[in-house]
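Coordinates in review
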Amino acid sequence: MIRRGKLYIVGNWKMNPDTYDEAKHIATVVCRSARSAQRTVTTVICPPAPFLALLARSRRPICLGTQDVSSAFDGAYTGEIAARHMRSVGATYAIVGHSERRRSGDTDTTVREKTLRSLEAGLKTIICVGEESRDDHGAFLSFVRNQLLEALSALPKKHCSDVIIAYEPVWAVGGNYQDALSPDHIHQMVIFIRKVLSELWGRADAMRVPILYGGSVDLENAKRILASGEVNGLLVGRRSLDATEFSSMIRYAATI
Ligand code: PGA
């Protein structure tokens, strides 16, 4: 693969683990590999918000990301978490538009607003896109294109350097590890996504946007995807809670 900048290994812990002690343990183990890989790999962990605030108290060779942000800047929104609050407690990344948030009601408009709030707060923003299912006629491509345009077309261009795209076909998220998309198909999607980004921002800026793959990544398929999927990294769900396996992904990424 043509190496373009650092690789990203991002762990999305979702609503896990049970306790802060467990979270601290996973982070401590992951840090060992993250430290040795940090010249070429950016490791990001996206824990539950309360754990993020606590983990951010110690200096670590990993970045912390929030799994979601509110679409509102401030105001009477009980229970919502503002992007700037997450920034203030130590987040430097945010995931928006995750399929599990979209399933809970986030529309393309909500994702656009969340993207803007997150970028305005100074967070590098990982925008998740991906089709629900695949068809033989390419309708899934129009679907992904539309998600990208909805999230990005109104964005001031100055923010484009803080955007990261995570391509996560919804059918592969939380599935069998054998169901992860093949490196060849991922490569095709990376080309397609860059084409859409080029239409928006021009080729030079589009080439600089990191594109990650997510959806049933484990160590085995991670190696294949990193080696020949032409991605700039991975968004890992369940397997990011296994500190040993996630650390191996980081170390493998450092060898590429
Ligand atoms: P998974 O989750 O790796 O468990 O499929 C991916 C994600 O939710 O981003």
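Now for a quick tour of the structure. (Residues numbered from 1 in each chain as written. Predicted model: local features only at pLDDT ≥ 70, side-chain atom pairs only at ≥ 80, totals over all residues. Heavy atoms only, no water.)

Side note on the side chain of Asn12
Along the chain, Asn12 turns up in strand S1 (residues 7–12). Residue classification places Asn12 among the buried positions, given a relative accessible area of 6%. Here Lys14 takes part through its backbone nitrogen, which lies 3.1 Å from a polar atom of the side chain of Asn12. (Helix = DSSP H or I, 4+ residues; strand = E, 2+ residues; numbered from the N terminus. Buried < 20%, exposed > 50% of the residue type's maximum accessible area, 1.4 Å probe, protein only. Polar contact = N/O pair within 3.5 Å; in protein donor to acceptor, adjacent residues only side chain to side chain.)

Comments concerning the site of the ligand
The local shell around the ligand holds 13 residues, among which Lys14, His98, Glu168, Gly174 and Arg238 are the closest. At a separation of 2.7 Å, an oxygen atom of the ligand approaches a polar backbone atom of Gly174. Contacts to the ligand include Arg238, whose side-chain N or O atom sits 2.6 Å from an oxygen atom. For the ligand, whose unbound accessible area comes to 280 Å², protein coverage reaches 100%. (Near = heavy atom within 4 Å. Areas by Shrake-Rupley, 256 points an atom, 1.4 Å probe, with all protein chains shown as cover.)

Quick word on the packing of helix H1 (residues 20–37) against helix H10 (residues 243–255)
Two elements in contact, H1 and H10, have axes separated by 9 Å at closest approach and are oriented at 10 degrees. When the axes of H1 and H10 are compared, the pair comes out roughly parallel. Between H1 and H10, the contacting residues are Ile26, Val29, Val30, Ser33, Ala34 and Ala37 on the first element and Ala243, Phe246, Ser247, Ile250, Arg251 and Ala254 on the second. In the contact of H1 with H10, the residues fall into nine nonpolar, two polar and one charged. (Axes fitted to C-alpha atoms, helices over the stretch in contact; angles between N-to-C directions. Parallel < 35°, antiparallel > 145°, perpendicular 65-115°, else oblique. Contact = heavy atoms within 4.5 Å. Nonpolar A, V, L, I, M, F, W, Y, C, P; charged D, E, K, R; others polar.)

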